[in-house]
Amino acid sequence: MIRENPDLIAAIRDRFAHVDSCPFQGPRVFFENAGGALTLKSVVETSAYYAAIPDNQGRDNPAAHALVATIDKAKADLALLMNAPSGQFFAGESGTELLFRLIRTACVNAPKGAKVIGSSIEHPASRSAAQRWAEIAGLDYISVPHDDSTGQVSPEAYATFMTPDVAVATILHASPVTGMGMDVAGIVQEIRKVAPECMIIVDGIQHAAHGQIDLAAYDVDGYVISPYKMFSRHGYGIAWISDRLTALPHDMLLNAPATGWEFGTRDTGAYATISDVVRYFEWLGGEVSGATDPRARIEAAGRAIHDYETHLTKAMLHGTGNLPGLAEMAHVTVLAGIDNPAREGLVSIAVKGHASPDVVRLLNENGIRTHTRKADHYSGNVLDPLGLSDCIRISLCHYNTEGEVAQLLSVLKDLEAA
């Protein structure tokens, strides 16, 4: 749908700032989307507009009323984007901070002696929070091992470790190291078969940019995103929580409304930029389908994004034009399998005889932005079992092109001879 339409690709790219050049480096290909996606131009404009407004929410004046209406609109747009028929959205410092807060609340309200379950594939944001607060709350932490060969954790793996006393569960929707998406609905089903009242919290930070979130289908209690990884900007995170989680005792000001979870006065401009992102998905869905309903357009956009990113990663793995793909380069190892259907726009590799930071530096010198993942507190859970000290993460998005993939392959092909 996208790849067959060069005019649409150009229109998509035109909506993003710095799509083909860096203000500090000059022309470059951006394959570092997992570290933070490109920003919509409309988000930049909206941020500047709201940054200049001196008024605060909650006052009795026209400006304050307008700010509250902007926030209400953004929350309604989030419900549309994520298909959330109930629960509430609120903003926090970052996605990591919000995961800690949700997991902390679930753990300290769990019955004494209960269990917390998570998986070894998780980003440390959820894994660290779950282990820390399980210990503080006197709960046992259960770690479900992921499959090193696929870079995933399966519903069946969770089922193996489930017991009726599991009170809190964490799930990673997509890995920022392997790039693989997890079957969230399937994992939830296995959890609820055994522990139906379990509080389930999902880290959706890496998955969000790929356009397919359906909270109504997941049956979870918390879902967290970092908008800077979904075409917005840095400086805040967004959490959705179920009515069940909303009602739990939680950190709040004395005598404040019991359902309130937000701390202090949040940035109205941050909320407003979420509406820009939702409008973008709606626009794209209208370009790739005949849908008129907003949610149907968002779903169409998600399908088109997935299809196009799959095309780009296949080109990266199997070649384009007369260039061999990464799978055909003897000096390249692809993490988590070559033709893995769970892949979401990300390929991590190791290059034989070359330290990953050196390869990333070489690519940078050739105008191609990628990133090194090291076996540290961020990625050691994935890289250590593979015997790797580091890897090169190549992460793309639907505004990238097959021509940019060719530039990457051209440099990595020549690296063998070097």
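Coordinates for the structure precede this section.
Below or above, wherever it landed, is the structure these notes cover. (Residues numbered from 1 in each chain as written. Predicted model: local features only at pLDDT ≥ 70, side-chain atom pairs only at ≥ 80, totals over all residues. Heavy atoms only, no water.)

The next subject is the side chain of Thr268. Considering the arrangement of structural elements, one finds Thr268 in helix α10 (residues 268-288). A polar atom in the side chain of Thr268 sits 2.8 Å from the side chain of Gln57. For Thr268, the residues in contact, after removing those within four places along its chain, are Tyr50, Gln57, Leu67, Thr70 and Ile71. (Helix = DSSP H or I, 4+ residues; strand = E, 2+ residues; numbered from the N terminus. Polar contact = N/O pair within 3.5 Å; in protein donor to acceptor, adjacent residues only side chain to side chain. Contact = heavy atoms within 4.5 Å.)

Let's shift gears to helix α2 (residues 41-51). Given 3.6 residues per turn, any residue in an α-helix points the same way as the ones three and four places further on. Inspection of α2 places Val43, Thr46, Ser47 and Tyr50 among the buried residues, and these make up the whole buried set. Looking down the long axis of α2, one finds its buried residues gathered within 105° of arc, a one-sided arrangement. The exposed set on the far side of α2, more than 90 degrees from its buried face, consists of Glu45, Ala48 and Tyr49. (Buried < 20%, exposed > 50% of the residue type's maximum accessible area, 1.4 Å probe, protein only. Arc of directions from axis to C-beta.)

Quick look at empty space enclosed by the protein now. One pass over the structure, following the stated rule, counts three cavities of 30 Å³ or more. Of the pockets and cavities examined, the largest cavity occupies roughly 80 Å³. Surrounding the largest cavity, 13 residues form its lining, Asn33, Ala34, Gln206, Ala209 and His210 being those nearest its centre. Taken together, the residues that form the lining of the largest cavity break down as six nonpolar, five polar and two charged. (1 Å grid on protein atoms, 1.4 Å probe; cavity = no way out; pocket = protein on both sides within 12 Å on 5 of 7 lines; lining within 4 Å. Points joined across faces, edges and corners; volume = space filled by probe spheres on them. Nonpolar A, V, L, I, M, F, W, Y, C, P; charged D, E, K, R; others polar.)

Time to look at the packing of helix α12 (residues 356-365) against helix α14 (residues 402-415). Orientation of α12 relative to α14, taken along the N-to-C sense of each, is 130°, at an axis distance of 10 Å. On the basis of their axis angle, the class for α12 and α14 is oblique. The hand of the α12/α14 crossing is right-handed. Of the residues in α14, those touching α12 at Val359, Leu362 and Leu363 are Leu408, Val411, Leu412 and Leu415. (Axes fitted to C-alpha atoms, helices over the stretch in contact; angles between N-to-C directions. Parallel < 35°, antiparallel > 145°, perpendicular 65-115°, else oblique. Left-handed = near helix turned anticlockwise from the far one by under 90°.)

The next thing to look at is the nonpolar core. One finds Leu215, Phe231, Leu326 and Ile349 to be the most contacted residues of the largest nonpolar core, which totals 128 residues. In contact with Leu326, other than residues within four places in its own chain, are Met316, Leu317, Val332, Val334, Val347, Ile349, Ile394, Leu409 and Leu412. (Core = buried A, V, L, I, M, F, W, Y, C linked by side-chain atoms within 4.5 Å.)

So, about the packing of aromatic side chains. Two aromatic rings are characterised by how far apart their centres lie and by the angle between their planes. Scanning all chains against the criterion turns up 11 aromatic pairs. Judged by centre distance (6.0 Å) and plane angle (75°), the ring pair of Phe231 and Tyr280 falls under edge-to-face. On the criterion of sequence distance, the pair formed by Phe231 in the loop between β9 (222-225) and β10 (237-241) and Tyr280 in helix α10 is long-range, its members being 49 residues apart. Accessibility classification places Phe231 together with Tyr280 in one group, the buried group. Plain terms: the ring middles of Tyr280 and Trp283 are 5.7 Å apart, the flat faces sit at 35° to each other, and that makes the pair tilted. Taken as a pair, Tyr280 and Trp283 lie in helix α10 at a separation of three residues, close to a single helical turn. (Phe/Tyr/Trp six-rings, centres within 6.5 Å; stacked < 30°, edge-to-face > 60°.)

Positive phi is not limited to glycine here, since His18 has a value of about 55°. As for its position among the elements, His18 is in the loop between α1 (6-14) and β1 (21-22).

We now examine the sheet that holds strand β12 (residues 346-351). Spatial ordering of the open sheet is given by β11-β12-β15-β14, a layout of four strands whose pairing is antiparallel. Edge positions in the sheet fall to β11 (332-334) and β14 (371-374), since each of these pairs with one other strand and no more. Geometrically, the sheet is characterised by an average inter-axis angle of 40° between neighbouring strands, direction not taken into account. The pairing of β12 with strand β15 (residues 390-395) spans four bridges and is antiparallel. Bridging across to β15, Ser348 finds its partner in Arg393. Sheet strands touched by helix α11 (residues 294-318): β11, β12 and β15. Its angle to β12, the strand with the most contacts, is close to 15°. (Pairing = 2+ DSSP bridges.)

A side chain of one charge can pair with a side chain of the opposite charge if their charged atoms are brought near each other. Going through the model one piece at a time under the given rule, you end up with 19 salt bridges. Here Asp414 ties to Lys413 by a salt bridge, and the two come within 2.9 Å at their closest N and O atoms. By relative accessible area, Lys413 is classed as partly exposed at 32%. Each member of the salt-bridge network shares a partner with another, and the members are Arg192, Glu197, Asp219, Asp221 and Arg244. (Salt bridge = Lys/Arg side-chain N within 4 Å of Asp/Glu carboxyl O.)

As a further point, take the layout of surface pockets. The calculated volume of the largest pocket comes to roughly 550 Å³. Taken together, 24 residues make up the lining of the largest pocket; nearest its centre are Gly260, Trp261, Glu262, Phe263 and Gly264. When residues of the lining of the largest pocket are assigned to their parent elements, the largest contribution, four residues, is made by helix α3 (residues 62-82). Per-class residue counts for the lining of the largest pocket are 11 nonpolar, seven polar and six charged.

Remember, this is a structural readout, not a statement about activity or role.
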